[in-house]
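Spelled out from the first residue to the last, the chains are:
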Amino acid sequence: MLIEKMAELKHRLIEYATLVEGMINKSIKGLLEKDENLLEDVIERDEPKANNYDREIDETCTALIAQFEPLAKDLRTVVTILKMNKDLERMADHAVNISESSLFLIARPLVKPLDDVRSMARTASMMLKDSIDAFVNENVALARDVCDRDEVVDTVGEKILDDMASFIREKRDGIRRSLHLMRIAHNLERVADISTNICEEVIYIVEGKDIKHHKTEEREADHGPTI
Amino acid sequence: MEQEIIIQIKDANSFYGAKQILKNVTLNIPAQTVTALMGPSGCGKSTLIRCLNRMNDLVPRFRFEGNVLYKGIDLYGKDVDITDLRREIGMVFQKPNPFPKSIYENVAYGIRIQGIANREFIDGIVEESLKRAALWDEVKDRLHESALSLSGGQQQRICIARALAVKPHVILFDEPCSALDPIATAKIEELITDLKNNYTIIVVTHNTAQAARVSDFTAFLYLGDLIEYGPTAKIFTVPQDKRTEEYLTGKFG
C-alpha cells in the first residue's frame, strides 16, 4: 500500500520538476529570442500550475506520513520530497523573476551580449534536470557531479557581476537594464544552488549520509561564502 | 466524481435495555471503498457495524430505531429475508472462526446450504474465493485437511474466502486483525485494499493506525455519537472536531 502511494508521489514530483524545468528554459528562451508570449506564459499560466503542484504534494506528503507512518528509507524519501517540493516552488518563483526582468530587457537595447547568460542558463537548467534524474534513479554519482558543477555557474555569475559593474561605471543610462540582467544572473545562480540542494538530499535518501555542512565548509574554505 | 452510495444509515438509535448505545447516527457509505469505524471502547462502533446485517437481532433486550438502506431498501423492513441479506452483506469476525471441517468444505459451506450440489461449480467457486482471499497458493495442495490445522492468519483468510463464496457485495470486518500477529495483519490489510476493487468494505477497528492505512473514509464515534466522518487523509491530518483531534493525539481513548 505504501509502495504504491510512494510511487504515485514520486510521479507527481517528477511532473512538477518537468514543469519547473520548462519554466526556466522558457524564461531564458524568451529573453534570447525576444519572445514576449513565452515570458508571459511562464508568469500567467505556468506559475499557477506550479502553485497547485506545491499544494497538492504538500498535502499528499502530510497525509502519507499520517496514514502510513513510513520508516527508514521511506521516511527519508517522504521528508526529502517535502523539501524538494519547497525547492521546486522556489525555482518556479525564480523562473517568474527571470521572465519579468526579461520582459523589461527585450523592449530595450542590449547592455551586453547574452552569451554568458545563455551558457549559465544552460548549465543551471541541466543541473536541475540532472538533479531530478539523480532523484528518480537514485543515482548518487550523478548527484555528486551536479554538486561539482555549481562552481561553473557561480563563476559565470561573478563575471556578469563584473561586466555590469564596469558598464554602470561607464554608462549611467543603463543602470536599470544592468540591474535586471544582474537579477537574471542571480536567479539562475539560485536555480543551480537549489539543484545542488536536491542532489544533497538524493545522497541522503540513498546513503543516509548528510553531506550538507561538510560541503559548505569545504566550499567556504576554498572560495569564501557564496553571495 | 459522484460516488454511488450503497448503504445509507439514517438516524440510527440503538438500545440495550434502557441503555442507549447509538445516538442519531447518520452516515452514507460509498460503494467500492473501504470505510473504517473507529473510536474508543464503548463508542458503539461494533454495535453500528452489526446493525448493517442485523447481527444484533438476537441479542436480548436489543432495540433499533431508524433506517439502514441498502441499495435503497430498508434492511429493517418487514419483507427482508435475513438469510438473503447476509448473503449480500457478509461478515468476518474478530476471532477467526472456521468450522471444524476441511478447508474446502469451509469455503463451500455457504453454497451447499443454498442447495447447490454441482461438484464442478462448487470447485470453481472454492478456487476463486481462495484466490481472492490470497490463500489459494498456500492451501491448494491440502484442500481436504482440517481448516483448524491452519495458522491464525490463514484461518482468518479462510473466513474471508467463506464470506466471498456466496458472492456478497458488502463485507463487514469487525476487528479482523486483533487476534493476529503483525505479519498476518499486514496480509489481511493488503487483502482488504485489494478487495475494495470488487466489494464495499466496512472495517471496525480500535487501531487508529490501521484505520489510517486501509480506509478511504473514516468515521469517528464517541459515546454513541458520530463525531466526524470524511476522507481518511483529511480526518488524520486536519480533523474538524476537537474530540477527533484529541483522540488521534492520544489525549483520551
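Because the structure is a prediction, the values reported are computed rather than measured.

Draft legend 1. Quick look at the overall build of chain A. Helix and strand content of chain A: seven helices and zero strands. Taken from the N to the C terminus, the helices and strands of chain A come in the order α-α-α-α-α-α-α. Its C-alpha atoms give chain A a radius of gyration of 19 Å, within 12% of the compact-globule value 17 Å for 227 residues. Seen along its three principal axes, the alpha-carbon backbone of chain A occupies a region of about 60 × 40 × 20 Å.

Draft legend 2. How the structure looks around the overall build of chain B. In terms of regular secondary structure, chain B is built from 10 helices and 10 strands. Taking 2.2 N^0.38 as the reference for a compact globule, 253 residues should give roughly 18 Å; the C-alpha atoms of chain B span a radius of gyration of 18 Å, in line with that estimate. Taking the principal axes of the C-alpha coordinates as reference, chain B spans close to 55 × 45 × 40 Å. Counting only residues that meet the buried cut, chain B has 42% of its 253 residues in that class. Look at the contacts in chain B between residues 6 or more apart in sequence, and 68% of them connect residues 24 or more apart.

Draft legend 3. Up close: the confidence of the model for chain A. Taken residue by residue, chain A gives an average pLDDT of 90. The fraction at 70 or more is 93%. Within chain A, helix α7 (residues 212-223) of chain A has the poorest average pLDDT of any element, 55, and helix α2 (residues 36-68) of chain A the best, 96.

Draft legend 4. Region of interest: the pairing of strand β1 (residues 5-16) of chain B. Residues and elements named next belong to chain B. Two elements, β1 and strand β2 (residues 19-30), share eight bridges in a ladder whose sense is antiparallel. Paired with F15 across the strands is Q20, a residue of β2. Strand direction decides the pairing type here: β1 and strand β4 (residues 62-70), joined by eight bridges, are antiparallel. Note on β4: the bridge partner recorded for K10 is N67.

Draft legend 5. Quick peek at the packing of helix α4 (residues 115-137) of chain A against helix α5 (residues 140-170) of chain A. Residues and elements named next belong to chain A. Where α4 contacts α5, the two axes come as close as 9 Å, and the packing angle between them is 160°. One way to sum up the angle between α4 and α5 is to call them roughly antiparallel. Handedness of the crossing formed by α4 with α5: left-handed. Contacts from D116, S119, M120, T123, A124, M127, D130, S131, D133 and A134 in α4 reach L142, A143, V146, R149, V152, V153, V156, G157, K159 and I160 in α5. Partitioned by chemical class, the residues of the contact of α4 with α5 number 11 nonpolar, four polar and five charged.

Draft legend 6. Seen up close, the environment of R190(A). Residues and elements named next belong to chain A. Its location among the elements puts R190 in helix α6 (residues 175-207). The class of R190 is partly exposed, set by 18 C-beta atoms lying within 10 Å. Note: C-alpha distance between R190 and D154 (36 residues apart in sequence) is 9.5 Å.

Draft legend 7. Here's a closer look at the interface of chain A and chain B. Of the residues lining the interface, seven residues belong to chain A; the matching set on chain B comes to nine residues. Residues of the side of chain A that touches chain B, tallied by class, amount to four nonpolar, two polar and one charged.

Draft legend 8. Region of interest: helix α7 (residues 182-195) of chain B. Under the 1.5 Å per step criterion, the end-to-end length of α7(B) is 20 Å for 14 residues, consistent within 8% with the ideal 20 Å. Considering only its buried residues, α7(B) is in contact with β3 (34-38), α6 (152-165), β7 (170-174), β8 (200-205) and α8 (208-214) of chain B.

Reading guide: rules and limits
Residues numbered from 1 in each chain as written. Chains lettered and ligands numbered in written order. Predicted model: local features only at pLDDT ≥ 70, side-chain atom pairs only at ≥ 80, totals over all residues. Helix = DSSP H or I, 4+ residues; strand = E, 2+ residues; numbered from the N terminus. Rg over C-alpha atoms; globule rule 2.2 N^0.38 Å. Buried ≥ 20, exposed ≤ 12 C-beta atoms within 10 Å, placed from the backbone. Contact = placed C-beta atoms within 7 Å. pLDDT = per-residue confidence, 0-100. Pairing = 2+ DSSP bridges. Axes fitted to C-alpha atoms, helices over the stretch in contact; angles between N-to-C directions. Parallel < 35°, antiparallel > 145°, perpendicular 65-115°, else oblique. Left-handed = near helix turned anticlockwise from the far one by under 90°. Nonpolar A, V, L, I, M, F, W, Y, C, P; charged D, E, K, R; others polar. Expected span 1.5 Å × (residues − 1).

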